[in-house]
Amino acid sequence: MNRTRLKFIAALLSIATGLPAWAADSPPQSIPALAAYKGPDRQQKLVAAAQKEGFLTLYTSIAGDIGQLIAADFETRYGVKVKLWRSGDRTVLQRILSERSANRPAFDVVHMASTEMEMAHREKLLQSFKSPPAGNLIDGAVGSNNEYVATFVNVLVQAYNTNSVKKADLPKTYQDLLDPKWKGRLGIEATDEEWFYELVMSMGEQKGLQYFRDLVAVNKPSLRNGHTLLGNMVASAEVPLGLNVFAHTVISAKKLGAPVDYTLLQPIVASSYSMGISTQVQHPNAALLFYEYMLTDGQKIFAGHDYAPTNKDIDSPFRNVRYLLTDQPAFINQYDKWENLWNDIVVKQK
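Parameters and conventions
Residues numbered from 1 in each chain as written. Predicted model: local features only at pLDDT ≥ 70, side-chain atom pairs only at ≥ 80, totals over all residues. Heavy atoms only, no water. Axes fitted to C-alpha atoms, helices over the stretch in contact; angles between N-to-C directions. Helix = DSSP H or I, 4+ residues; strand = E, 2+ residues; numbered from the N terminus. Parallel < 35°, antiparallel > 145°, perpendicular 65-115°, else oblique. Left-handed = near helix turned anticlockwise from the far one by under 90°. Contact = heavy atoms within 4.5 Å. Nonpolar A, V, L, I, M, F, W, Y, C, P; charged D, E, K, R; others polar. Core = buried A, V, L, I, M, F, W, Y, C linked by side-chain atoms within 4.5 Å. Buried < 20%, exposed > 50% of the residue type's maximum accessible area, 1.4 Å probe, protein only. Salt bridge = Lys/Arg side-chain N within 4 Å of Asp/Glu carboxyl O. Phe/Tyr/Trp six-rings, centres within 6.5 Å; stacked < 30°, edge-to-face > 60°. Lys NZ or Arg CZ within 6 Å of the ring centre and 35° of its normal. Polar contact = N/O pair within 3.5 Å; in protein donor to acceptor, adjacent residues only side chain to side chain.

**Structural notes on the packing of helix α7 (residues 193–203) against helix α8 (residues 205–219)**
The N-to-C vectors of α7 and α8 enclose an angle of 125 degrees; their axes lie 6 Å apart at closest approach. Here α7 is positioned oblique relative to α8, judged by the angle of their axes. Every pair of crossing elements has a handedness; the one defined by α7 and α8 is right-handed. The residues of α8 that touch α7, namely those facing Trp195, Phe196, Leu199, Val200, Met201 and Met203, are Glu205, Lys207, Gly208, Leu209, Tyr211 and Phe212. Here the contact of α7 with α8 is composed, by residue class, of 9 nonpolar, 1 polar and 2 charged.

Written as structure tokens, this is what we have:
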């Protein structure tokens, strides 16, 4: 039987069985088909095909040093380069939307806050598929229509300066923050509508909104633009108690000797960061290999930098902590409402 005929039969068998014709020299280009293949040679075939493609393009909002570590580790493991472009979440989203409008798709994998990933899903920018490693993630990690999946979680903690706030004086509940003794001593990150939404809804909408109105009226928390900046202000004692600081910044600062620590008021709120593969992916094998790396070996890099990984098998300080993850579709459906409430109550402090 000649080689051409063998390929033809392999293709027919793949149609008949629903499995990709990966045994042939040319692997399938469909991400769902690539991900669904269950043969014992799956990883070997995927790596070989990714190496043939040579590289993938990643758009991300991951911190620069973490992104470079991930890219270097992936390249060392598989010999496949990661062309990385980094910016803020909204800027990343705007770029992929602009490229789609110009019919010039450039990214293979995108990684940003889950809120922006839900927006990308609604713009039909992401592929729907099921990858085996996604089955070993925490509840709530898989996004709409299996188009994006969380790689790590930022737990929002109440960070305090240990020189300015005694441990015995820390609030035990959110209601304790209404005590006038906290006037002028509290800080809030200025753009965190998601945290606001989760807290308000957990208290009951009307009760939660009244709580924030009371908090602003009584203690007038200062606003800081950026979670990292708020954490730095706590470390310098300019803000004695920050109400929504990323846990990893506090843990890292404490390791370096900064006078900071954190407490956890209930309910604990967390924000996730997710990734997905472009519907116009240029390097499908490299993209899928990277996607699965991020849910397995790449998780160790997140954990090593004090983020909370989503893989259940990777240890972290928050592995056994119960926290709220935002229902992104519900949040986005009412985004304008919550943005307006946030601006009116917290930012403008009406």
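On we go from here.
**Section: the nonpolar core**
Judged by nonpolar contacts, the single largest core of 85 residues is most densely connected at Trp195, Phe196, Phe212 and Phe290. With 19 residues, the next largest nonpolar core counts Leu230, Val250, Val260 and Ala308 among its residues.

**Some thoughts on the environment of valine 321**
Along the chain, valine 321 falls in the loop between β10 (308–309) and β11 (324–325). Owing to a relative accessible area of 24%, valine 321 belongs among the partly exposed residues under this scheme. As for valine 321 and leucine 264, which are separated by 57 residues in sequence, their C-alpha atoms are 10.0 Å apart.

**Quick look at the pattern of salt bridges**
In this structure the tally under the stated criterion is 15 salt bridges. With its nearest N and O atoms 2.9 Å apart, the salt bridge here joins arginine 77 to aspartate 73. Highlighted residues: arginine 77 and aspartate 73, both in helix α4 (residues 64–78), separated by 4 residues, approximately one helical turn. Note on arginine 77: relative accessible area 41%, which makes it partly exposed. Put simply, lysine 300 and aspartate 297 hold a salt bridge, and the shortest N to O gap is 3.6 Å. Looking at aspartate 297, the relative accessible area reads 21%, which means it is partly exposed. Taken together, the salt bridges that share partners define one network made up of Asp73, Arg77, Asp297 and Lys300.

**A closer look at helix α11 (residues 284–294)**
Of all 11 residues in α11, 11 are buried, a share of seventy percent or more. Within α11, burial applies to Pro284, Asn285, Ala286, Ala287, Leu288, Leu289, Phe290, Tyr291, Glu292, Tyr293 and Met294.

**A short note on the packing of aromatic side chains**
On inspection of all chains with the given rule, the structure shows 21 aromatic pairs. Taking 5.5 Å as the distance between ring centres and 85 degrees as the angle between the ring planes, the aromatic pair formed by tyrosine 211 and phenylalanine 212 counts as edge-to-face. Judged by relative accessible area, which is 4%, tyrosine 211 ranks as buried. Phenylalanine 212 sits in the buried class, given a relative accessible area of 1%. Members of the aromatic cluster, connected to one another through ring pairs, are Tyr174, Trp195, Phe196, Tyr197, Tyr211, Phe212, Phe331, Tyr335, Trp338 and Trp342. The lysine or arginine in question, lysine 83, covers the ring of phenylalanine 55, its NZ or CZ lying 3.9 Å from the ring centre.

**With respect to the environment of glutamate 189**
You can see glutamate 189 is positioned in strand β5 (residues 186–189). A residue is classified by how much of its surface remains accessible, and glutamate 189, at 1% relative accessible area, is buried. Remark: the alpha-carbon pair of glutamate 189 and asparagine 225, spanning 36 residues in sequence, is separated by 5.7 Å. At 3.1 Å, the side chain of glutamate 189 forms a polar contact with the backbone nitrogen of aspartate 192.

**A few points about the packing of α7 against helix α14 (residues 335–347)**
Two numbers describe how α7 lies on α14: the axes approach to 10 Å, and their chain directions differ by 95 degrees. The orientation of α7 relative to α14 falls into the category roughly perpendicular. Packed against α7, whose contacting residues are Glu193, Trp195, Phe196, Tyr197, Val200 and Met201, the element α14 presents Tyr335, Trp338, Glu339, Leu341, Trp342, Ile345 and Val346 at the interface. Grouping the constituent residues of the contact of α7 with α14 by class yields 11 nonpolar, no polar and 2 charged.

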